[in-house]
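The lines below spell out each chain.
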Amino acid sequence: MLRPTLACLCLCAFVGWTVGLGSSWYPFFARRRLEPIDSRITEQEPSPWQRRQQFILDLLLQVHKPLLHDELIQMGSRLSEDPDKYMGSFKDVEDFLASVRQDRVPRPFSIFSQLDEKMPQLLLGLYRFLVQARNWSAFQRNACYARIHFHPVLFVNALQMAVSDREDTKDLSMPAMYEILPQLYFEKEVILAAQEIAWHQLTPVRLVTPKRRWKDILLGISSVSLAGDGEPMSADPWVIDNGRERAYLVLDLGLNSQWNMMINRHILSLEEEKQRPQRNQIIDGDRMVAFRGPQDEVNYRLQLEEQPGSSQLFLFSLHQFMAALAMEDLATGQISKDLIDPPLISTGGIPYKGTSLNIQAVERILDVTIQELKGQIDQVLNGNWNLPETEFVIAKIIGSNYLNTCRHLSLAINGHQRGQPSMLDSSTVNLRDPIYRFLLKRLSQLIPRPDKKDEQDGGLLTPQIISLKVGNLSTFEDVFDTDLINLIDQQLLQSQRNNLQFLRRHLVARQRRLNHNHFDISLDISSPADITTHLRIYLSGGGHRLFLHSASHTLKTGVNEVQLHFPSAAPSLTLSDLYGADYPKTQEYSSVGLPPHLLLPRGTVEGLRLQLIAELTSGSGCGQEMGGESGSVLAKAEREVLIFHQPGPNY
């Protein structure tokens, strides 16, 4: 009798011990009740892709907190200074390593400012430190070192671009920037509310179990998956309401995240060009000939139009944003001009600085800035703004002066005050700032784009657009959940364990975002010969163009049918969802222009009246892909359209 009793007690004690440790291994009868907690708990061996994906996610889990995971700490314990561990020119990496040794790279918990004079050089250096790592293991070591020692915003900005550019990481998915560092995108009320959520409110599994009597253990075998009060825990997400009366364009999370990526790419390109040796030389046969003047450089740069320049991409994104903003103003009847006291806090918990200037003072500061840029443009164009290369020159000057323009504006508004972030300091929040939007508006006006400027260069041997048909155009506001698990107080990635697997409930911020219903555009195009031309389709209104499509099309002799389908934007996987993904990413998003859910501007109940214009042009390359004015218009068709808006769901 004694032996069976003792065996039973040992078995019960063993069950309680495994549950108390929070182990992912459970006896089969207990495991069956724990399986619904999260499908990520699996006995299957992860694939090589899953291992690489999980490494990226583990690095980004609570990236603003110190790294505690033993394996990752060991990987990043030493700075890699061996030239054999890098591809390409080691000189590019060596300068950054010197900055690390001299402690000139921003550390965690410091104030990050993108307008710091040294920041472009450090961003490029860290990017090269990651992207030039010779193989996967070298990349892991460098990424872990950067995660431990450098400011999280600088690290994530560089990591986003490196993951996209490396051959062994471009099939991996990066979580959205607003989920990696929610502090950069959400108001402090949302951040503080998320930080107050306790760990036990999201998981039924206790990581530390209090002592229990053997009778409690025996009776508790069948209830290990219950919450502390004995009731099963709901799997519904814990929702923090971030709703507003309207999904404003300038507060759109996807747009602000994409703008940050575009600005980082632009800064990277400008710094690479600055460091490129002999960049003021052109090739003439087998001789190196210096530019004789500004026009020589213009002519040379125009030869490179097949390769998109960062300044052109920047200007295109600027025009797209200003067009979407102007059309939203048409739909709502509101124009945002008020200076604001930003309800934001930095990753270190420091509030952003507001401004006490009035709008007239800001306008005077911008007048001086724009006049300086016009002076530079006049000098290159010799006062003739009607040259074919005018748009290229303006894009080049605006793009290359972007950071200095923002620095001068910030200095005039915020002074030399250090230790407190402002909304001009970071591209993650720039679009929220009305002062920054004023700057973008004034910059966009340097290139006039009147709707009736284009003249058709038609003829007997040019294609003709016979018909242009458009489906119903409508927008709506869908409910959009953002994963806030990176804000929870519990340390998720501990020394030997990732506690994310124990979550039953997700912590999310719920808001609305603008989206559109799917629609189709069809064209019948008559071509006199087999030719390749460029088709661009855009909405026009209020002097702005919002591009829907811009790509090359091959036409056959006769009548060609072109069918274009524009689906609604689907939600992307959240940070927590990516831990359960078992396949490489299949959808690519550009960092240029607007995100997919903002393809159409907000409609109205009565219908927002705009012009839909389709053009066939003779040009090709970057200027056409980015909606540029290069190339003559061969054929053009337009029709009036109405964009309706459907009321969104309540939540």
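Remember, it's a predicted structure, so these values are computed and weren't measured experimentally. (Residues numbered from 1 in each chain as written. Predicted model: local features only at pLDDT ≥ 70, side-chain atom pairs only at ≥ 80, totals over all residues. Heavy atoms only, no water.)

## Examining the overall build of the protein chain
Condition: The numbering of helices and of strands both runs from the N terminus, where a helix is a DSSP run of H or I of at least 4 residues and a strand a run of E of at least 2. For each residue, the accessible area found with a 1.4 Å probe, counting protein chains only, is set against the maximum for its type, and the residue is called buried under 20%, exposed over 50%, and partly exposed in between. The contact criterion used is simple: two residues touch if any of their non-hydrogen atoms lie within 4.5 Å. For the area figures, the Shrake-Rupley method with a 1.4 Å probe applies, and any residue is considered shielded solely by the protein chains shown.
The secondary structure content of the protein chain amounts to 20 helices and 12 strands. For the protein chain, the proportion of its 651 residues judged to be buried stands at 53%. In the protein chain, of all internal contacts separated by at least 6 residues, the share reaching a separation of at least 24 is 82%. Just so you have it, the protein chain exposes about 30,900 Å², and 51% of that area is on carbon and sulfur atoms.

## Some remarks on the packing of helix α6 (residues 119-131) against helix α7 (residues 136-149)
For any two helices packed against each other, the geometry is given by the interaxial angle and the distance between the axes. The test is simple: For helices, the fitted line uses only the C-alpha atoms of the stretch in contact; every axis is such a line through C-alpha atoms, and the angle between N-to-C directions lies from 0 to 180 degrees. For this scheme, ten residues count as nonpolar: Ala, Val, Leu, Ile, Met, Phe, Trp, Tyr, Cys and Pro. Four count as charged, namely Asp, Glu, Lys and Arg, and the remainder, Gly too, count as polar.
It is the contact of α6 with α7, at a shortest axis distance of 8 Å, that shows an interaxial angle of 145 degrees. Contacts between α6 and α7 involve Leu 126, Phe 129 and Leu 130 on the former and, on the latter, Phe 139, Asn 142, Ala 143 and Ala 146. In the contact of α6 with α7, the residues fall into 6 nonpolar, 1 polar and no charged.

## Some thoughts on the confidence of the model for the protein chain
The following threshold applies: Confidence scores labelled pLDDT are given residue by residue by the predictor and lie between 0 and 100.
Overall, the predicted model of the protein chain reaches an average pLDDT of 81, with 77% of residues at or above 70. In the model of the protein chain, helix α2 (residues 28-34) stands out as the element of lowest mean pLDDT, 32, in contrast to α7, which has the highest, 98. Confidence drops under pLDDT 50 across residues 278-291; counting only partners more than four residues distant or on other chains, this segment forms 22 contacts.

## A closer look at the nonpolar core
What counts is decided by this rule: In this description, a nonpolar core means a group of buried Ala, Val, Leu, Ile, Met, Phe, Trp, Tyr and Cys residues linked to one another through side-chain atoms lying within 4.5 Å.
Among the nonpolar cores identified, the biggest contains 163 residues, and Phe 139, Phe 321, Ile 521, Leu 523 and Leu 539 are the most heavily contacted of them. The element contributing the most residues to this core is helix α14 (residues 310-332), with 10 residues. In contact with Phe 139, not counting residues within four places along its chain, are Phe 55, Ile 56, Leu 130, Ala 133, Leu 159, Val 163, Arg 166 and Thr 169. Ranked by size, the runner-up nonpolar core spans 6 residues in total, among them Leu 313, Phe 316, Phe 547 and Val 592.

## Quick look at the packing of aromatic side chains
Stated precisely, the cut-off is as follows: Between 30 and 60 degrees the pair is tilted, below 30 it is stacked and above 60 it is edge-to-face, where a pair is any two Phe, Tyr or Trp rings, Trp via its six-membered ring, whose centres lie within 6.5 Å. When the NZ atom of lysine or the CZ atom of arginine is within 6 Å of a ring's centre and also within 35 degrees of its normal, the charge is said to sit over that ring.
Enumeration over the complete set of coordinates arrives at 16 aromatic pairs. Between Trp 136 and Phe 139 the ring centres are 5.5 Å apart and the planes differ by 35 degrees, which places this aromatic pair in the tilted class. Of this pair, Trp 136 and Phe 139 both sit in helix α7, 3 residues apart, which is roughly one turn of the helix. For the pair Trp 136 and Phe 139, a shared accessibility class is recorded, and that class is buried. Ring centres 5.2 Å apart and planes at 45 degrees place the aromatic pair Tyr 538 and Phe 547 in the tilted group. With respect to class, Tyr 538 is no different from Phe 547; both count as buried. Ring pairing ties together the aromatic residues Tyr 86, Phe 90, Phe 96, Phe 129, Tyr 145 and Phe 150, which thus form one cluster. For Arg 513, the ring lying beneath its charged end belongs to Phe 480, and the centroid distance is 4.9 Å.

## Observations regarding the sheet that holds strand β11 (residues 608-617)
How we decide: In this description, strands pair whenever DSSP reports at least two bridges between them.
Sheet architecture is open: 7 strands sit in the order β1-β6-β5-β12-β11-β8-β9, paired in mixed fashion. Either end of the sheet is taken by a strand with one partner, and the two such strands are β1 (238-241) and β9 (544-555). On average, each strand axis in the sheet is tilted by 35 degrees relative to the strand beside it, whichever way the strands run. Judged from the 4 bridges that link them, strand β5 (residues 473-483) and strand β12 (residues 633-646) form a sheet pairing that is parallel. In the sheet register, Phe 476 faces β12, and the bridge partner there is Gln 646.

## A few points about the environment of Thr 347
Tracing the chain through its elements places Thr 347 in the loop between α14 and α15 (359-381). A C-alpha to C-alpha distance of 10.0 Å links Thr 347 and Val 63, two positions 284 residues apart in sequence.

## Focus: the environment of Lys 556
Tracing the sequence through the fold places Lys 556 in the loop between β9 and β10 (558-566). Put simply, Lys 556 and Thr 532 are 24 residues apart on the chain and 8.8 Å apart in space, counted from C-alpha to C-alpha. Residues within four places of Lys 556 in sequence aside, it is in contact with Ser 527, Ala 529 and Asp 530.

## Topic: the side chain of Asn 430
The following threshold applies: Two N or O atoms form a polar contact when they lie within 3.5 Å of each other; inside protein one atom must be a possible hydrogen donor and the other a possible acceptor, and for residues adjacent in sequence the pair counts only when both atoms belong to side chains.
Counting through the fold element by element, Asn 430 comes out in the loop between α17 (402-414) and α18 (434-444). Polar contacts involving the side chain of Asn 430 include one to the main-chain carbonyl oxygen of Met 423, which spans 2.7 Å. Contacts of Asn 430, omitting those with residues within four sequence positions, involve Trp 259, Tyr 402, Met 423, Leu 424, Asp 425 and Tyr 436.

## Details of the pairing of β9
Looking down a regular strand, the side chains alternate between one sheet face and the other. Both strand β8 (residues 531-541) and β9 contribute to a ladder of 11 bridges, which runs antiparallel. Paired with Thr 532 across the bridge in β9 is Thr 554. Where β8 folds back on β9, the antiparallel hairpin that results is connected by 2 residues, among which Gly 542 adopts a positive phi of roughly 65 degrees.

## Some thoughts on the pairing of β5
With 9 of 11 residues buried, β5 is to be regarded as a mostly interior element. Note: β5 against strand β6 (residues 507-516), 9 bridges, orientation antiparallel. Paired with Val 479 across the two strands is Arg 512, which belongs to β6.

## Section: helix α12 (residues 253-275)
Which entries qualify depends on this criterion: Here, expected helix span is obtained from the residue count minus one, scaled by 1.5 Å.
With 23 residues, α12 should cover 33 Å at 1.5 Å per step; its first-to-last C-alpha distance of 33 Å lies within 8% of that length. Counting buried positions over the 23 residues of α12 gives 18, a clear majority of the element. Between the side-chain oxygen of the N-cap and the backbone nitrogen of Gly 254 there are 3.1 Å, and the N-cap of α12 in question is Asp 252.

## What about the side chain of His 149?
Mapped onto the elements, His 149 comes out in helix α7. Here His 149 falls in the buried class, since its relative accessible area comes to 18%.

## Focus: α14
Taking 1.5 Å per residue as the helical rise, α14 with its 23 residues ought to reach 33 Å, and the 33 Å between its terminal C-alpha atoms agrees with that figure. Counting buried positions along α14 gives 19 out of 23 residues, so the element sits mostly inside the fold. Phi turns positive one or two residues past the end of α14, at Gly 333, with a value near 75 degrees.

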